Amino acid sequence: MNQVWIQCEDKNSLLTAIAEPGRVMIAGGTDLLINVRRLAPADKPAQMVDLSLVEELKNIHLEGNMLTIGSMVTYTQLMTDPLIRKHLPVLAEAASQVGSPQIRNRGTLGGSLVNASPAADMAPLWILLKAQVKLESFGKERILLVEDFLLGHQKTMLAPGEVMTEIRCLIPKKSVIYQKIGRRNAAAIARLNGCCLLDRQEDTVKEIRLVIGAATPTPLDLQKDCSGWIDKPWTIERLDEVASQAMRRVEEISGRRASATWKFPAIENLVRRLLLDAWAEGGKQ
Amino acid sequence: MFQEIPRVDVKAKLTGRAKYADDLQFPNMIYAAMVRSTIAHGDVLSIDATKALSQDDVLGILTWKDIPGLSNKGKERPVLVESRVRFIGDGIAMVVAKSQKAAREAAKLVEIRYQPLAAVFDVKESMKKTAGWIHGRSNVETIISMQHGHVEDGFEEADVIYEESVSTQRVQHAAIEPESAVAVYQEDHMEVYCPPKSPFNVRRVVAETLDVSVNKVRLISAVVGGSFGGKDYDMSLLASRVALVAKRYQKPCKMTYTREESIMEGTKRHPYQIDYKIGAKKDGTLTGLSVQMVSDAGAYLSKSAMVAWRSCVESGGPYRIPHVKTDISVVYTNQIYSDSLRGFGSPQVDFGLEVVMDGLAERLQMDPLALRLKNALQDGDVHATGQVLSGVSIEKCLLALKDKSDYEQTRKRIASFNRDHASGPYRLGFGIAALHRGEALGAGGEGIDTAGVYVHIEKDGSVIIYSGLSEVGQGCQTMMVRIVSEILGIHSSRIRVTTLDTDYVPDSGPTVASRGTVIAGNATVLAAEELKTKITEVLSQKKWFKKNAELVFQNETITLRHNPEVSVSYQDAIKMVFSQGENLYGHGWWSAPKLVWDWKKGQGDAYFNYVYGACGCEVKVNIETGKTDIVRFVAVHDVGTALNIEEVYGQICGGVAMGIGYGLTEEVQLREGKIINDNFDTYLMPTAMDIGEIEPVILQEHSAIGPLGAKGLGEPVTSIVAPAITNAISDALQSRIVDLPADLERVLAHVKKGDAR
């Protein structure tokens, strides 16, 4: 079977190219090409549209407090970008933990979100930051929260003919803690990851945002589970409560699988660690 | 210390110019792809290739019926099965096509019908089987024993008895180059190009398959892209397969496995289950040791019995133990078969015993290093095989480890870190392990331990070395260049090692058992010495040469030892030899000293020499996640004379990296006989970010038998990495890890058991 490879150099020709049904977009391909390799010849996509030459999708800019990142920004670009390193360093840090240098050079933020792997490295951060994505199709565009965009394991709101062009979020006032647990220190898929932002005044909690990834089909937002803390003092009892609540939430969603022997205590530990580190960080101005 | 010689193959490999088997192209070449068993045990009822044969570019399909020679090899894996399949991956047929893609895609369209048989995946269950065996009339292939003294007496003398059960997992070679071979049909013989670990075995199996004499098969080695013990019998099968196609179609044929195929078919390291019982006096003196092992051979025999024999012989470690009883059962299961993998039965018993030594030290409330030093073998001691030892350097290795790891300070620092950071997520730990390992094949080995090497001096003074040992990446060629350059006193740039070609070199056995340096190295010494004699004979006719004068070959010059004023350049000497109609080819044939093993008594002279080493590892364990990081790894090895110090560092660091994978992350996972992690995205080897600081420490205790005093190193370097790591983790967690690998799950489970938090 002949395979067609279409490379677009600007957004308009891209939107035209993907309007044709049956075409698969390739935005780095670090997961896609591996998946395609495993497909039977008849099931392989006949036509692929490559986004890697569309320069318009590779910009990072800051307007006021609003950060806008092109969907074709690679992990390497993100982790080395001065704007990101200055205003939202946790993104650079998380990007630096993705895969290997080769994967970081090819893999893109948009590609990862559309791929919607439950173990995606950056996904919990986008949820915590309440980031939005811009989806464009020929003559149309819409904006969705990442939380609403991600539907499940490799399931998203992206409609045929649509392409993700931007991710945007507000720079938070407090710094964000991110942690990833992998089986090795590079080229590792997250066994668990998570992030936390904690604002406090003295010993009183003002705001907590907490999201963990790789435990459920889409990142698990635990902000509501922490709401009992707001305007209350920090206690170890509550810390344990939130940690075991996180474990129960995962069990409700994903059930108790063979991996739970490790995963459940690890989730409790991760939640506790994120909150402890964020508490220490939250005291800093 | 010798002057540095750059690796002779480094430039070709670094620039990408080295030709691996898959790089080779021949006119009108055709391709083959395998159809393999999808069930673990059963009989093939029918093969329907209609769909496959109707595809474009497909030429045909071959089955066992197309094998002119041996197809059924008893307990050995067949080139193509006649009917019975014994694991998921057994070769049933080959699809032949004009392109690799067409062959691979058509192979998927071949439909096989089976009569399934009950399959067994667990060794203990397999041992109990009373019917439905995999081979013969029992699934236990053999039980090999070693008996030294009376172990019950040893336990009676003991003040403390410690028992422990340990297990090791199935891992694979994971060479970056997957298996590939090309056969080129010639009118009077078959030419085979492949990366062979055991070239003469490959040649023999090809000849048996084609039903021709061995001189009708010529094997020319392609550059080997990693072996680590693999590409052995697997390569014999692959070469036989392409040779069958080449003969049938009278065209060159290539077959290269994908990574998934390589993992599915490639042999693995034997998983072991071991029960230990060890006894000691209060002061730590070992009195008795019982070792009961079960080895999972998988579906075919291959070298499993020989691997088991080495495990048996080395099961007492580098320690003086008066009473030892070891038994190892080699058991078949319907899974990928096990074979040699860098260590050949050593890593399993080294892991087991070193874990047990730490457990015993804990019972005795003794320092683990002190316990090892107390029992370390000395010259003149009796080994568990009954052999009286000489050239023992384990104490020196342990003392060097103590010194280089700053043992006592390190222990103190770690203890205070753990005390000061009790509420934090990290625990530090330090662990050690010690090693002795029999050199080369040994008495229970794979045959007579011999090798042949030719060294030719050309008329311009340049030199070619022909060797029967494969360069598998270990530096064998550079080693031979070193020896010739030292003995003839010439610059290494004059010397080239030619491609291994079975037409031109004698059968030198397999490239295994860390034997290259000792066996082929000694043959190289003999060949170079013969050249020296030939040159001396011609020079002795010169007027200045006094009777019985001794010549010194050094710095491209030959001088009289007692009168250095008298000299002739190497170049002129060569000219003189040729001008007199003499030749300058040297031949070296070296046989290892005779060894005898009494199989009934389980005692004997197992190896002509042992090598020794000691390792220390510092780990940082995250007790919230189970993640272990290697902080520092100190690897002490007695290498004899280091023939090439940079190569020695390379061997040690590479071996440690490989051992870290065995210790922490690697495991071939099977579900009902099917390998589920069949590529490197899920089979996890350590990356450069995972290996921490490796500090090689080289001891050079001259070997009485090795060439220029050198010892083998390839396998010892990986053997005690895993136990040093797990002993360190156990130290960090205060809970003993006794199974491999120490992955996130296992370590976190031990956090709960220990009192680390």
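Keep in mind the model is a prediction, meaning the values are calculated, not measured.

**So, empty space enclosed by the protein**
Empty space among the atoms becomes visible once a probe the size of a water molecule is rolled across them.
Residue and element names in this part refer to chain B.
No. 1: Under the counting rule described, the total for this entry stands at four cavities of 30 Å³ or more.
No. 2: Computed from the structure, the largest cavity encloses a volume of approximately 150 Å³.
No. 3: As for the largest cavity, its lining consists of 19 residues, of which H173, A174, A175, E179 and S262 are closest to the centre.
No. 4: Taken together, the residues of the lining of the largest cavity sort by class into five nonpolar, eight polar and six charged.

**With respect to the interface of chain B and chain A**
It is common to report an interface's size as the accessible area lost on association of the parts.
No. 1: With 27 residues of chain B at the contact, the number on the chain A side is 17 residues.
No. 2: Summing both partners gives a buried area of about 1900 Å² for chain B against chain A, and 49% of it is carried by carbon and sulfur.
No. 3: If you sort the residues of chain B by the area they bury against chain A, E624, L744 and E745 of chain B come out on top, with a joint share of 25%.
No. 4: At the surface where chain B touches chain A, the tally comes to six salt bridges.
No. 5: For E624 of chain B, the salt bridge identified is with R273 of chain A, shortest N-O distance 2.6 Å.

**Focus: the packing of aromatic side chains**
All names here are of chain B.
No. 1: What the rule picks out here adds up to 13 aromatic pairs over all chains.
No. 2: A ring pair is formed by F26 and Y193, whose centres lie 5.3 Å apart and whose planes are at 40°; its orientation type is tilted. With F26 in the loop between α1 (10-15) and β1 (30-36) and Y193 in strand β10 (residues 190-194), this residue pair connects regions lying 167 residues apart in the sequence.
No. 3: Y193 gets classed as buried once you look at its relative accessible area, which sits at 15%.
No. 4: Considering the side-chain rings of Y407 and F430, the 5.9 Å spacing of their centres and the 70° angle between planes classify their relative orientation as edge-to-face. Of the two residues, Y407 sits in helix α13 (residues 407-420) while F430 sits in strand β16 (residues 426-438), which places them 23 residues apart along the sequence. Assigned by exposure class, Y407 and F430 land together as buried.
No. 5: Through a chain of ring-to-ring contacts, the aromatic side chains of W309, W597, W599, Y607 and Y610 assemble into a single cluster.
No. 6: Seen from the ring of Y257, R36 lies directly overhead, with NZ or CZ sitting 5.0 Å from the centre.
No. 7: One residue, K277, lies across the ring of F155, its end atom 4.6 Å from the ring centre.

**Here we look at helix α16 (residues 570-579) of chain B**
Residue and element names in this part refer to chain B.
No. 1: For α16, the complete set of buried residues consists of Y570, A573, I574, M576 and V577. Each buried residue of α16 sits inside an arc of 160° when the element is viewed along its axis, so together they form one side. More than 90 degrees from the buried face of α16, the exposed residues found are K575 and S579.
No. 2: Contacts made by the buried residues of α16 are with β17 (450-457), β18 (463-467), α15 (516-539), β21 (557-560) and β22 (563-569).

**Some details on the domain arrangement of chain B**
All names here are of chain B.
No. 1: Looking at chain B, the domain boundaries give domain 1 (10-117 + 179-256), domain 2 (272-443 + 600-754) and domain 3 (450-591).
No. 2: When each unit is reduced to the centre of its C-alpha atoms, the spacing between domain 1 and domain 2 is 37 Å.
No. 3: Contacts between the two partners involve 20 residues from domain 1 and, on the opposite side, 18 residues from domain 2.
No. 4: Summing both sides of the interface, domain 1 and domain 2 together bury roughly 1400 Å²; the carbon and sulfur share of this comes to 55%.
No. 5: The largest per-residue losses of area from domain 1 upon contact with domain 2 belong to K75, F87 and F228, which jointly make up 37% of the total buried on that side.
No. 6: Taken together, the connections running from domain 1 to domain 2 amount to one salt bridge.
No. 7: Note that K303 and D232 form a salt bridge whose closest N and O atoms lie 2.6 Å from each other.
No. 8: For the side of domain 1 that touches domain 2, the element with the most residues is helix α7 (residues 233-249), which contributes three residues.
No. 9: Partitioning the side of domain 1 that touches domain 2 into residue classes produces eight nonpolar, three polar and nine charged.

**Re the sheet that holds strand β10 (residues 163-170) of chain A**
Residues and elements named next belong to chain A.
No. 1: Sheet architecture is open: five strands sit in the order β4-β5-β10-β6-β7, paired in antiparallel fashion. Two strands close off the open sheet at either side, each with one partner strand: β4 (60-63) and β7 (140-145). When the angles between neighbouring strand axes are averaged without regard to direction, this sheet yields 20°.
No. 2: Along the sheet, helix α1 (residues 11-19) makes contact with β6 (132-137) and β10, crossing β10 at roughly 125°.

**Some words on the pattern of salt bridges**
Residues and elements named next belong to chain A.
No. 1: A full pass over the atoms with the stated rule returns 65 salt bridges over all chains.
No. 2: Linking K11 and E136 is a salt bridge whose minimum nitrogen-to-oxygen distance equals 3.1 Å. Within this pair, whereas K11 is found in helix α1, its partner E136 is found in strand β6, the two being separated by 125 residues in sequence.
No. 3: By relative accessible area, which is 22% here, K11 ends up partly exposed.
No. 4: In this structure E136 comes out as buried when scored by relative accessible area, which is 7%.
No. 5: The shortest N-O distance in the salt bridge between K134 and E166 comes to 3.8 Å. Pair noted here: K134 is in strand β6 and E166 is in strand β10, with a separation of 32 residues, a long-range link. A single burial state applies to K134 and to E166, both of which are buried.

**Observations concerning the sheet that holds strand β27 (residues 628-638) of chain B**
All names here are of chain B.
No. 1: If you trace the four strands from one edge of the open sheet to the other, you get β16-β26-β27-β30, paired in mixed fashion. Unpaired on one side and paired on the other, β16 and β30 (693-699) mark the two borders of the sheet. Ignoring which end each strand starts from, the neighbouring axes of this sheet average 15° apart.
No. 2: Contacting β16, β26 (610-622) and β27, α13 crosses the sheet at an angle of about 150° to β16.
No. 3: Docked against the sheet, helix α19 (residues 721-733) engages β16, β26 and β27, running at close to 150° with respect to β16.

Calculation criteria
- Residues numbered from 1 in each chain as written.
- Chains lettered and ligands numbered in written order.
- Predicted model: local features only at pLDDT ≥ 70, side-chain atom pairs only at ≥ 80, totals over all residues.
- Heavy atoms only, no water.
- 1 Å grid on protein atoms, 1.4 Å probe; cavity = no way out; pocket = protein on both sides within 12 Å on 5 of 7 lines; lining within 4 Å.
- Points joined across faces, edges and corners; volume = space filled by probe spheres on them.
- Nonpolar A, V, L, I, M, F, W, Y, C, P; charged D, E, K, R; others polar.
- Contact = heavy atoms within 4.5 Å.
- Buried area = accessible area lost by both parts, 1.4 Å probe.
- Salt bridge = Lys/Arg side-chain N within 4 Å of Asp/Glu carboxyl O.
- Phe/Tyr/Trp six-rings, centres within 6.5 Å; stacked < 30°, edge-to-face > 60°.
- Helix = DSSP H or I, 4+ residues; strand = E, 2+ residues; numbered from the N terminus.
- Buried < 20%, exposed > 50% of the residue type's maximum accessible area, 1.4 Å probe, protein only.
- Lys NZ or Arg CZ within 6 Å of the ring centre and 35° of its normal.
- Arc of directions from axis to C-beta.
- Domains from an automatic or database assignment.
- Pairing = 2+ DSSP bridges.
- Axes fitted to C-alpha atoms, helices over the stretch in contact; angles between N-to-C directions.

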